[in-house]
Amino acid sequence: MSLVEQALSCVRAISPYQPGKPITELAREMGIPVERIVKLASNENPLGMSPKARLAVATAIGGVERYPDQFELIAKVAARCAVASNQVVLGNGSNDVLDMIARVFLAAGRSAIFAQHAFAVYPLATQSTGAELICVPAKDFGHDLDAMLAAIRPDTRIVWIANPNNPTGNFLPYAEVRAFLQRVPTDVVVVLDEAYNEYIPPEARVDTAAWISEFPNLVVCRTLSKIYGLAGLRIGYALASPVVADLMNRVRQPFNVNNLALAGALAALDDDEFLQASYDLNRRGMAQLVAALEKLGLTYIPSYGNFVTFKAGDGAAVNQKLLQQGVIVRPIGGYGMPEWLRVTIGTEAENARFIEALEKAL
Ligand SMILES: *Cc1c(COP(=O)(O)O)cnc(C)c1O
């Protein structure tokens, strides 16, 4: 038998994650100098990282011969989120905590529910365990919570929800999420992935961590990859009931978060000024991009994240013409939306480069 045949059938069924095209790859392919390339494909922070975090990371280099100690960052996250330390699980990116939740609750013979057009990591995490994936059709490109509730079967162990969702940017009002939690069986885990939480306007934001004592089956996931600008360091976290957090820690690799990420995250979480500047830049950039899309007569999905998804027609063709001009956005054919492209909000100049290239591409 071939090695492929020997592999688990659930693994063979996985379609690999397609990351945004790296700048260096486009430079190699098209012979465009790296500094002429604008990457608006992975929802990274165009301001980079907090200067305080940069300094903390540089300092932490001095201690990399030692295994990492998560104590301090766990305490900081717990204090900021007003939960106990035994309710915080750190991940090597929030991807890592999503994977831990899947490994704790899923296996062959069980199922997990996610929404059409929702984040690609939910299918990956689910399928790698051998569990069955139930995809519930979207409503206006977002989660249809009533339909997701109705889809729950006796073997369902996890419902994945991204709020705001990536790649569509849809936002579920918190009252709807709460009503959903009140109706979900208490032995089904609801994962509320809030990777873009800090981009939600403060008046629409709710402290979901406070819900965990009421709903012990709720797991809230957040990341430092997006507004905090630490995507390359890989650090995220889950907030859960002590029981669920304890289970997750059993499958967590003991040293899953490295020293530099721990130090960077500790400093980043304290830099409110950088957070506010990033938020403000995103609001302005969103207005800039949306105005341009409207001027071009393009349909877009109103977004609560740091990106906006618009209908380009032939998404692959428009994407190719953008690449030729050194602009990388994200085609989302893999999400069942081949006519759409997702663009990350960049700096004002990056957004302008994108708009100019898009006008030519259309
Ligand atoms: C970017 C993103 C994440 C975060 O991934 P990391 O592993 O923390 O970098 C999680 N969920 C969604 C919906 C995202 O878009």
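Residues numbered from 1 in each chain as written. Predicted model: local features only at pLDDT ≥ 70, side-chain atom pairs only at ≥ 80, totals over all residues. Heavy atoms only, no water.

Enquirer: For this particular structure, what's the right way to read the nonpolar core?
Expert: Note on soluble globular proteins: their nonpolar side chains tend to be buried together. W160 and L239 are the most contacted members of the largest nonpolar core, which totals 98 residues. At nine residues, the largest contribution of residues to this core is made by helix 11 (residues 259-270). Lining this core are residues from two domains, each supplying at least three of them: domain 1 (3-48 + 272-361) and domain 2 (51-268). By size, the runner-up hydrophobic cluster in this structure holds 23 residues, among which are L40, L298, V329 and V343. (Core = buried A, V, L, I, M, F, W, Y, C linked by side-chain atoms within 4.5 Å. Buried < 20%, exposed > 50% of the residue type's maximum accessible area, 1.4 Å probe, protein only. Helix = DSSP H or I, 4+ residues; strand = E, 2+ residues; numbered from the N terminus. Domains from an automatic or database assignment.)

Enquirer: Hey, could you run me through the layout of surface pockets in this one?
Expert: Summary: where empty space remains is shown by rolling a probe the size of a single water molecule over the atoms. What the largest pocket holds in volume is close to 590 Å³. What lines the largest pocket is a set of 29 residues, and nearest its centre among them are P16, Q18, A120, G334 and Y335. Breaking the lining of the largest pocket down by element, the ones donating at least two residues are strand 3 (111-115), helix 7 (121-127), strand 4 (132-136), helix 13 (315-324) and strand 12 (330-331). Among the elements that take part in the lining of the largest pocket, helix 7 stands out by supplying three residues, more than any other. (1 Å grid on protein atoms, 1.4 Å probe; cavity = no way out; pocket = protein on both sides within 12 Å on 5 of 7 lines; lining within 4 Å. Points joined across faces, edges and corners; volume = space filled by probe spheres on them.)

Enquirer: Honestly, the site of the ligand in this entry has me stumped. Any pointers?
Expert: In the vicinity of the ligand, the residues found are G93, S94, N95, F119, N166, D193, A195, Y196, T223, S225, K226 and R234. A distance of 2.6 Å separates an oxygen atom of the ligand from a polar atom in the side chain of S225. If the ligand stood free it would expose 390 Å²; the protein chains cover 94% of that surface. For the shell around the ligand, the per-class residue count stands at three nonpolar, six polar and three charged. (Near = heavy atom within 4 Å. Polar contact = N/O pair within 3.5 Å; in protein donor to acceptor, adjacent residues only side chain to side chain. Areas by Shrake-Rupley, 256 points an atom, 1.4 Å probe, with all protein chains shown as cover. Nonpolar A, V, L, I, M, F, W, Y, C, P; charged D, E, K, R; others polar.)

Enquirer: What is the right way to look at the packing of aromatic side chains in this model?
Expert: The geometry of an aromatic ring pair is captured by the separation of the ring centres together with the interplanar angle, meaning the angle of the planes. Counted by the stated rule, this structure contains nine aromatic pairs. With centroids separated by 5.3 Å and ring planes inclined at 5°, the aromatic side chains of Y122 and W160 adopt a geometry described as stacked. Placement of Y122 in helix 7 and of W160 in strand 5 (residues 156-162) is noted, with a sequence separation of 38 residues between them. The buried category is assigned to W160, whose relative accessible area is 0%. (Phe/Tyr/Trp six-rings, centres within 6.5 Å; stacked < 30°, edge-to-face > 60°.)

Enquirer: What am I meant to see in the packing of helix 13 against helix 14 (residues 348-361) here?
Expert: How two helices sit against one another is set out by the angle between their axes and by the gap between those axes. Put simply, helix 13 and helix 14 touch, their axes get as near as 9 Å, and they point 125° apart. As far as their axial angle goes, helix 14 and helix 13 are oblique. Crossing of helix 13 over helix 14 shows right-handed handedness. Across the interface between the two elements, V318, K321 and L322 of helix 13 pack against F354, A357, L358 and A361 of helix 14. (Axes fitted to C-alpha atoms, helices over the stretch in contact; angles between N-to-C directions. Parallel < 35°, antiparallel > 145°, perpendicular 65-115°, else oblique. Left-handed = near helix turned anticlockwise from the far one by under 90°. Contact = heavy atoms within 4.5 Å.)

Enquirer: Can you help me understand empty space enclosed by the protein in this one?
Expert: Tallied over the entire structure, the rule returns one cavity of 30 Å³ or more. The volume enclosed by the largest cavity comes to roughly 50 Å³. Forming the boundary of the largest cavity are N45, P46, Y199, S278, L281, N282, N306, I345 and G346. Residue classes in the lining of the largest cavity are distributed as four nonpolar, five polar and no charged.

Enquirer: What is the right way to look at the domain arrangement of the chain in this model?
Expert: The parts lose accessible area when they come together, and the size of an interface is often stated as this lost area. Taken domain by domain, the chain consists of domain 1 (3-48 + 272-361) and domain 2 (51-268). Of note, the centres of domain 1 and domain 2, computed from C-alpha atoms alone, are 23 Å apart. The interface is formed by 30 residues belonging to domain 1 together with 32 residues belonging to domain 2. Roughly 2600 Å² is buried in total at the junction of domain 1 and domain 2, and carbon and sulfur atoms are behind 66% of that figure. Area buried by domain 1 at its contact with domain 2 is led by Y279, Y304 and Y335, which between them contribute 27% of it. Run the count over domain 1 and domain 2 and you get zero salt bridges. Joining domain 1 to domain 2, the criterion identifies eight residue pairs in polar contact (both at pLDDT 80 or more). Of all the elements in the fold, those that place two or more residues in the side of domain 1 that touches domain 2 are helix 12 (272-295), strand 10 (307-311) and strand 13 (340-344). Ranked by residues supplied to the side of domain 1 that touches domain 2, first place goes to helix 12 with seven residues. Its residues assigned to classes, the side of domain 1 that touches domain 2 shows 15 nonpolar, twelve polar and three charged. (Buried area = accessible area lost by both parts, 1.4 Å probe. Salt bridge = Lys/Arg side-chain N within 4 Å of Asp/Glu carboxyl O.)

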